[in-house]
Amino acid sequence: MQLKFNRHYVLLHILVFIWGFSPILGRYITANVWQLVWFRILITIVAMLIYLKASRQALKISKKHLLQLTGVGIVIMVHWLAFYGAIKVSNISVTMVAFSTGTLFSSIIEPIFYKRKARFYEVVIGLIIIGAIALIFSIETHFWLGIILGILAAFTSSLFGVFNGLLSKQLRPGIISFYELSAAFAGLTVFILATGNFNASFFILDQPSIIGLLLLSLVCTVFPFITSVDLAKYISPYTIVLTVNLETVYGIIWAILFFNENREVQPAFYAGVLIILLAIVLNSYLKRQSDKKELLNA
């Protein structure tokens with residue numbers, strides 16, 4: 001049993017490492033946020049459909065599940081628009097730090113849907129992370145919109161993480177991912193049509209955008225998305241969101257290496273990052289202690 005848990009946890013870290021590179025592609029892609037998200041979802045669902053057909057998985061689901069997956073898909077659509085919108089209006093480092101507020105949101109949302117008591121230390125650590133964000137906000141005030149969009153991305157990520165944890169016990173990961181992203185694609189298409197932004201220029205992409213979108217969709221989305229839904233059966237949403245916070249570290253490191261973002265933020269910015277990392281380490285320790293205590297009392 002222990003080996004099984006470790007295998008899933010290692011796989012989760014691999015996914016987080018891959019996700020840590022996705023904001024780099026988000027900045028590399030020159031297309032606007034609407035084009036980026038629309039084409040990303042389109043490429044992803046085509047690839048997923050091929051995967052489902054090749055693996056001979058039945059696509060038929062109940063109306064109840066269709067409605068549930070549609071709702072989650074719209075949440076995912078908002079999540080990606082907020083996440084890549086934050087990168088476009090600020091930078092990767094600011095976006096990734098704001099995104100780490102997902103820990104607080106999950107500590108509140110998960111107990112509600114999983115019908116368990118909220119753990120006091122989870123809320124406290126979430127508040128510490130919020131405090132670190134406030135510190136960064138006071139320093140990098142010109143990135144205020146990026147911080148707000150990053151926090152919105154964190155909230156929506158926590159929401160669909162919890163919902164997928166519940167749905168993964170009823171449906172196969174590939175089916176969940178395909179229907180959720182299909183709903184996200186339909187919802188975004190309707191919105192772009194309604195705003196009158198579907199024109200000839202929308203479908204014109206330069207070479208960096210084409211290369212970036214293919215990598216973002218096939219490498220950073222299809223495999224990680226299906227695998228993360230499957231992992232929700234074995235690892236709690238809070239633990240997943242907590243581990244995803246390491247995406248902040250990977251993203252900032254990649255941003256410094258590729259875009260020299262250390263020149264775009266003040267040194268005190270990294271004080272906030274350090275507080276967040278210490279909070280993550282502390283939470284991991286407290287969670288281990290809590291799990292040991294629960295096992296002894298079982």
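Residues numbered from 1 in each chain as written. Predicted model: local features only at pLDDT ≥ 70, side-chain atom pairs only at ≥ 80, totals over all residues. Heavy atoms only, no water.

1. A short note on the overall build of the protein
Argument step 1. If you tally the helices and strands in the protein, you get twelve helices and zero strands.
Argument step 2. For the protein, the N- to C-terminal ordering of α and β elements is α-α-α-α-α-α-α-α-α-α-α-α.
Argument step 3. Relative to its 298 residues, the protein shows a buried fraction of 51%.
Argument step 4. Restricting to contacts in the protein with at least 6 residues of sequence separation, those with at least 24 account for 89%.
Argument step 5. Side chains of the protein carry 22 positive and 11 negative charges; the gap between the two charge centres is 12 Å. (Helix = DSSP H or I, 4+ residues; strand = E, 2+ residues; numbered from the N terminus. Buried < 20%, exposed > 50% of the residue type's maximum accessible area, 1.4 Å probe, protein only. Contact = heavy atoms within 4.5 Å. Lys, Arg positive; Asp, Glu negative; His and termini not counted. Charge placed at Lys NZ, Arg CZ, Asp CG, Glu CD.)

2. What about the side chain of S168?
Argument step 1. Within the fold, S168 resides in the loop between α7 (144-167) and α8 (173-194).
Argument step 2. Within the structure, S168 has its side chain in polar contact with the backbone oxygen of G165 (distance 2.9 Å).
Argument step 3. Setting aside residues up to four positions removed in sequence, S168 forms contacts with I176, V229, A232 and K233. (Polar contact = N/O pair within 3.5 Å; in protein donor to acceptor, adjacent residues only side chain to side chain.)

3. Focus on the confidence of the model for the protein
Argument step 1. On average, residues of the protein score 85 in pLDDT, and 93% of them reach the 70 mark or higher.
Argument step 2. Mean pLDDT in the protein bottoms out at helix α10 (residues 237-244), which sits at 68, and peaks at helix α3 (residues 63-89), which reaches 96.
Argument step 3. Between residues 1-5, whose pLDDT stays under 50, and residues either more than four places distant or in other chains, the model counts one contact. (pLDDT = per-residue confidence, 0-100.)

4. Some words on the nonpolar core
Argument step 1. Of all hydrophobic cores here, the largest spans 66 residues; its most connected members are V37, I41, W80, Y84, L181 and L188.
Argument step 2. Broken down by element, the residue count for this core peaks at eleven residues, all from α3.
Argument step 3. Other than its neighbours up to four places away in sequence, V37 contacts W80, L81, Y84 and L188. (Core = buried A, V, L, I, M, F, W, Y, C linked by side-chain atoms within 4.5 Å.)

5. Description of the packing of aromatic side chains
Argument step 1. On inspection of all chains with the given rule, the structure shows 21 aromatic pairs.
Argument step 2. Here F21 and F258 contribute two aromatic rings whose centre-to-centre distance is 5.7 Å and whose plane-to-plane angle is 75°, an arrangement assigned as edge-to-face. Remark: F258 occurs in helix α11 (residues 246-259) and F21 occurs in helix α1 (residues 2-28); sequence separation between them is 237 residues.
Argument step 3. Its relative accessible area of 46% is what places F258 among the partly exposed residues.
Argument step 4. Through pairs of rings, three or more aromatic residues link up here, namely W38, F39, F185, F198, F202 and F203.
Argument step 5. We note R27 situated over the ring of F259; from NZ or CZ to the ring centre the distance is 4.6 Å.
Argument step 6. The cationic tip of R40 hangs over the ring face of W80; the distance from NZ or CZ to the ring centre is 4.0 Å. (Phe/Tyr/Trp six-rings, centres within 6.5 Å; stacked < 30°, edge-to-face > 60°. Lys NZ or Arg CZ within 6 Å of the ring centre and 35° of its normal.)

6. A look at helix α5 (residues 102-114)
Argument step 1. For α5, which comprises 13 residues, the first-to-last C-alpha distance of 17 Å matches the rise-based estimate of 18 Å (1.5 Å per residue) to within 8%.
Argument step 2. When α5 is considered as a whole, its buried residues turn out to be G102, T103, L104, F105, S106, S107, I109, E110 and P111.
Argument step 3. Of the residues one or two after α5, K115 is the one with positive phi, at around 50°. (Expected span 1.5 Å × (residues − 1).)

7. What to know about the packing of helix α2 (residues 33-54) against α3
To describe two helices that pack against each other, one gives the angle between their axes and the distance between the axes.
Argument step 1. The contact between α2 and α3 brings their axes to 9 Å, and the two run at 135°. When the interaxial angle is binned, α2 and α3 end up oblique. The two elements α2 and α3 meet at a crossing, and its hand is right-handed. Here α2 contributes V33, W34, L36, V37, R40 and I41 to the contact with α3, which in turn contributes W80, L81, Y84, G85 and K88.
Argument step 2. Partitioned by chemical class, the residues of the contact of α2 with α3 number eight nonpolar, one polar and two charged. (Axes fitted to C-alpha atoms, helices over the stretch in contact; angles between N-to-C directions. Parallel < 35°, antiparallel > 145°, perpendicular 65-115°, else oblique. Left-handed = near helix turned anticlockwise from the far one by under 90°. Nonpolar A, V, L, I, M, F, W, Y, C, P; charged D, E, K, R; others polar.)

8. Thoughts on a nonpolar patch on the surface
Argument step 1. Taken together, the side chains of Y28, I210, I211, L214, L215, L218 and V219 present a nonpolar region at the surface, about 570 Å² in accessible area.
Argument step 2. By the secondary structure assignment, L218 is in helix α9 (residues 207-231).
Argument step 3. You can call L218 partly exposed: its relative accessible area is 42%. (Patch = residues over 30% accessible without salt bridge, like charges linked within 9 Å, V, L, I, M, F, W, Y side chains within 5 Å. Areas by Shrake-Rupley, 256 points an atom, 1.4 Å probe, with all protein chains shown as cover. Salt bridge = Lys/Arg side-chain N within 4 Å of Asp/Glu carboxyl O.)

9. As for the packing of α2 against α9
Argument step 1. Relative orientation of the contacting elements α2 and α9 amounts to 55°, with a least axis distance of 9 Å. One element, α2, and the other, α9, form an angle in the oblique class. In this structure, α2 meets α9 at a crossing whose hand is right-handed. Contacts between α2 and α9 involve L36, F39, R40, I43, T44, A47, M48 and Y51 on the former and, on the latter, L213, L214, L216, S217, L218, C220, T221, V222, F225 and I226.
Argument step 2. Counted by class, the contact of α2 with α9 contains 14 nonpolar, three polar and one charged residues.

10. What about the environment of F83?
Argument step 1. Its location among the elements puts F83 in helix α3.
Argument step 2. Sequence separation of F83 and P23 is 60 residues, and the distance between their C-alpha atoms is 8.5 Å.
Argument step 3. Those residues within four positions of F83 in sequence are excluded, and the remaining contacts are P23, T95, M96, F99, A153 and E247.

11. Considering the environment of L274
Argument step 1. Along the polypeptide, L274 turns up in helix α12 (residues 268-297).
Argument step 2. By relative accessible area, L274 is classed as partly exposed at 49%.

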